Amino acid sequence: MRDSEVPSPADPYGPSAPPSRRRMLKLTAIGAGAAGLAGAAGLAGATSAAAVTSGLTSLTHPGVLHSLTDLNRMRDKVAAGASPWIEGYNVFAADFFSSSSYVVAGGRATVTRGTSPESGNAELWYDCNAAYQNAIMWYITGNTAHANKALEIIKSWTNALQVINGADAELAAGIYGAKLAAAVEIMHYTGPAGSWTQSELDATVAMFQNVFVPLINIYGDGGYGLMGIKGMMQIAVACNNLTLFNDAYNAFYTNSCCALTKLIQSGTGQCCESGRDQGHTQLILGALAEICETGWKQGLNMYGASNSLLLSGFEYTAKYNLGATVPYDATFGRCNWTWSSLGTDGRGAFKPIYEMAYNHYVKRAGRNAYYTTAVASKLRPEGAPTQCDQPGFGTLLFSL
C-alpha cells in the first residue's frame with residue numbers, strides 16, 4: 001500500500017510526566033452497537049457526516065499497534081544486538097514500568113480524573129503503562145515473569161473497575177483504555193498457554209464494554225474527541241468488535257470536531273491546537289499516528305488519508321519546534337476555541353511520537369519527511385511517554 005491510494009483551553013489532557021507462543025482464544029465481541037453523539041450535545045456542530053466504513057469483514061490479530069511480524073522483528077533484532085533496536089531496547093528495559101517487579105497499583109472500583117479530589121487516576125495510568133511494557137518485554141525476552149505481571153495488572157482492573165468519572169473521564173477512558181487494550185491484545189494472542197481462562201477474557205471484554213466505551217464514543221471537541229477515537233479503535237480490535245472499529249473509523253474521517261481534517265489544516269499542516277501549546281499539539285499528532293498504525297495492521301492506509309495530511313501535520317510541527325518559521329492561521333482551531341497566535345509554550349520540547357511517523361512515511365511509503373526525520377534522529381533512541389499518552393519508545397517499537 002502506498003500513501004496515494006486512500007481516499008475549554010485549560011483542559012488538562014496529558015500535562016505531566018511519569019516517574020524515573022501463540023494462542024488463539026477468541027474474545028467475545030461486544031454485542032451492543034456504538035452509541036451516537038448524544039453526550040456531545042454542548043459542542044458546536046459536533047455531528048457526523050454520511051457514515052463511511054472500513055470495508056473490512058474481520059479484524060486481524062494481534063493488531064493493536066503491533067502485528068506478529070512486528071513483535072518478531074523486535075525480538076529478533078534485539079537478540080541479534082542490531083541497531084537501532086538494541087539501543088531502543090536498552091532504554092525501554094531500564095524504564096520503571098518495564099520491570100517484572102513492578103508493584104501493581106490497582107485495581108480500583110472508581111477512577112476520577114479532572115475533578116478534585118482525583119481518585120485512582122494515577123494508579124490506572126501507571127498500571128496501563130506497566131501492563132503494556134511488560135507485555136512487550138514478555139514477547140522480546142520470553143521471561144514468563146513479565147507475562148505474569150502484565151496479566152496480573154489486567155486481571156486486577158478487570159475484577160475491580162466499575163466507574164470512570166470526573167471532568168476528564170473521556171480522556172482517561174480513551175488514553176488509558178487504548179494502552180490497556182494494546183496490552184490485552186499482546187497477551188491474548190501470545191501469552192503462555194493457560195494464562196487466561198475464557199471467562200476471564202470475557203470479563204475483560206465486559207469491562208471495556210461497560211466502563212470505557214460509553215465514555216469515549218461521544219467523540220468530543222478537538223483532542224478530547226481524538227482520544228476517544230484512539231481508545232475506541234484500539235479497544236475494538238482487542239475486543240474483536242468490527243462494529244466499534246467502524247464507529248471509530250467513521251469518526252476519524254467525518255466527525256465535525258475531531259476528524260482528521262478538523263485537527264490538521266489542509267495546505268499548511270497547522271494543528272487545531274498549534275496556538276495553544278506544543279505539548280498538546282504533539283499529543284494530537286501522536287494519537288493520530290497510533291490510529292493510523294492500528295489501521296495499517298488491519299490492512300487500511302489511514303496514513304494516506306486526505307493526501308497524507310498527517311505527514312503535513314508532523315512536518316509543520318517538527319519544523320516549528322526545530323526553530324524555523326511557519327505560517328499561522330488564527331481562524332483554524334477547535335470547534336469551540338481558537339488562539340490568536342502560534343503557541344510558544346513547550347516549543348522545542350519534543351514528545352516521543354516521531355519514530356512511528358518517520359518509519360511509516362519514509363521507510364514504508366518512501367516519502368520525503370525532512371523535519372520529521374530530523375526530529376526522529378535527534379530523539380533516537382526514543383524514550384518514555386508523558387504519563388501514558390503515547391506508547392513512547394518508538395525506536396524499539398516501530399523501527400522497520
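Residues numbered from 1 in each chain as written. Predicted model: local features only at pLDDT ≥ 70, side-chain atom pairs only at ≥ 80, totals over all residues. Heavy atoms only, no water.

### Describing the overall build of the protein
- Of regular secondary structure, the protein possesses 14 helices and 2 strands.
- Of all 400 residues assigned to the protein, the portion counted as buried reaches 58%. (Helix = DSSP H or I, 4+ residues; strand = E, 2+ residues; numbered from the N terminus. Buried < 20%, exposed > 50% of the residue type's maximum accessible area, 1.4 Å probe, protein only.)

### Notes on the packing of helix α12 (residues 354–364) against helix α13 (residues 370–379)
- Contact geometry for α12 and α13: axes closest at 9 Å, N-to-C directions at 130°. The angle between the axes of α12 and α13 places the two elements in the oblique class. Both α12 and α13 take part in a crossing whose hand is left-handed. Touching Y354, E355, A357, Y358 and V362 of α12 are T372, T373, V375, A376 and L379, all from α13.
- Its residues assigned to classes, the contact of α12 with α13 comprises 7 nonpolar, 2 polar and 1 charged. (Axes fitted to C-alpha atoms, helices over the stretch in contact; angles between N-to-C directions. Parallel < 35°, antiparallel > 145°, perpendicular 65-115°, else oblique. Left-handed = near helix turned anticlockwise from the far one by under 90°. Contact = heavy atoms within 4.5 Å. Nonpolar A, V, L, I, M, F, W, Y, C, P; charged D, E, K, R; others polar.)

### Description of the packing of aromatic side chains
- Within this structure, the stated rule accounts for 16 aromatic pairs.
- The interplanar angle of 80° and the centroid separation of 4.9 Å between the aromatic rings of F96 and F97 together place this pair among those described as edge-to-face.
- For F96, a relative accessible area of 35% translates into the label partly exposed.
- What makes F97 buried here is its relative accessible area of 1%.
- On the numbers, 6.3 Å between centres and 80° between planes, the contact of F96 with Y126 is edge-to-face. (Phe/Tyr/Trp six-rings, centres within 6.5 Å; stacked < 30°, edge-to-face > 60°.)

### Overview of the side chain of K149
- Mapped onto the elements, K149 comes out in helix α4 (residues 144–160).
- In this structure, K149 is in contact with S99, S100, Y102, V104 and N134, ignoring residues within four places of it in sequence.

### Observations concerning the pattern of salt bridges
- Applying the stated rule across the entire model yields 14 salt bridges.
- Ionic pairing is found between R75 and D76, a salt bridge with its closest N-O pair at 3.1 Å.
- Its relative accessible area of 42% is what places D76 among the partly exposed residues.
- Close ionic contact of E123 with R108 constitutes a salt bridge, the shortest N to O distance being 3.5 Å. Of this pair, E123 sits in helix α3 (residues 121–141) while R108 sits in the loop between α2 (85–93) and β1 (110–112), placing them 15 residues apart in sequence. (Salt bridge = Lys/Arg side-chain N within 4 Å of Asp/Glu carboxyl O.)

### Here's the deal with the state of the cysteines
- For the coordinates displayed, the defined rule picks out 1 disulfide.
- A sulfur-sulfur separation of 2.0 Å characterises the disulfide bridge that pairs C257 with C335. Its S-S torsion of approximately -105° makes the covalent link between C257 and C335 left-handed. Of the two residues, C257 is situated in the loop between α8 (242–254) and α9 (260–263) and C335 in the loop between α11 (305–321) and α12; the sequence distance between them amounts to 78 residues.
- Residue class for C257 comes out buried when judged on its relative accessible area of 2%.
- Among the cysteines around C272, which has no disulfide bond, C271 carries the closest sulfur, lying 4.4 Å off. (Disulfide = S-S within 2.5 Å.)

### Here's the deal with the packing of α11 against α13
- Packing of α11 against α13 leaves a shortest axis separation of 7 Å and a crossing angle of 60°. The angle between the axes of α11 and α13 places the two elements in the oblique class. Once α11 is placed against α13, the crossing between them reads as left-handed. Touching F314, E315, A318 and K319 of α11 are Y370, Y371, T372 and V375, all from α13.
- Along the lines of polarity and charge, the residues of the contact of α11 with α13 split into 5 nonpolar, 1 polar and 2 charged.

### What about unusual backbone geometry?
- Note that the residue after H61, namely P62, is joined by a cis bond; omega there is -10°.
- Cis peptide bonds are those with omega within 30 degrees of zero, and the linkage from S116 to P117 qualifies with 0°.
- Locating P117 in the fold gives a position in the loop between β1 and α3.
- Look at S308: it is not a glycine, yet its phi comes out positive at around 55°.
- Within the fold, S308 resides in helix α11.

### Focus: α3
- The terminal C-alpha atoms of α3, which comprises 21 residues, lie 30 Å apart, in line with the 30 Å expected from a rise of 1.5 Å per residue.
- Most of α3 sits inside the fold, with 17 of its 21 residues counted as buried.
- Looking one or two places after α3, you find G142, whose phi comes out positive at around 75°. (Expected span 1.5 Å × (residues − 1).)

### What to know about the nonpolar core
- Judged by nonpolar contacts, the single largest core of 115 residues is most densely connected at I164, F212 and L310.
- Top contributing element to this core by residue count: helix α5 (residues 169–190), with 13 residues.
- Discounting chain neighbours no more than four positions away, the residues touching F212 are L161, I164, A173, G177, L180, M207 and I235. (Core = buried A, V, L, I, M, F, W, Y, C linked by side-chain atoms within 4.5 Å.)

### Focus: helix α10 (residues 278–297)
- Taking 1.5 Å per residue as the helical rise, α10 with its 20 residues ought to reach 28 Å, and the 29 Å between its terminal C-alpha atoms agrees with that figure.
- The element α10 is largely enclosed, with a buried count of 19 among its 20 residues.
- Positive phi appears at G299, one or two residues downstream of α10, with a value of about 85°.

### So, the environment of G383
- For G383, the location among the structural elements is in the loop between α13 and α14 (394–398).
- Each C-alpha atom of the pair G383 and G394 lies 7.5 Å from the other, and the pair is 11 residues apart in sequence.

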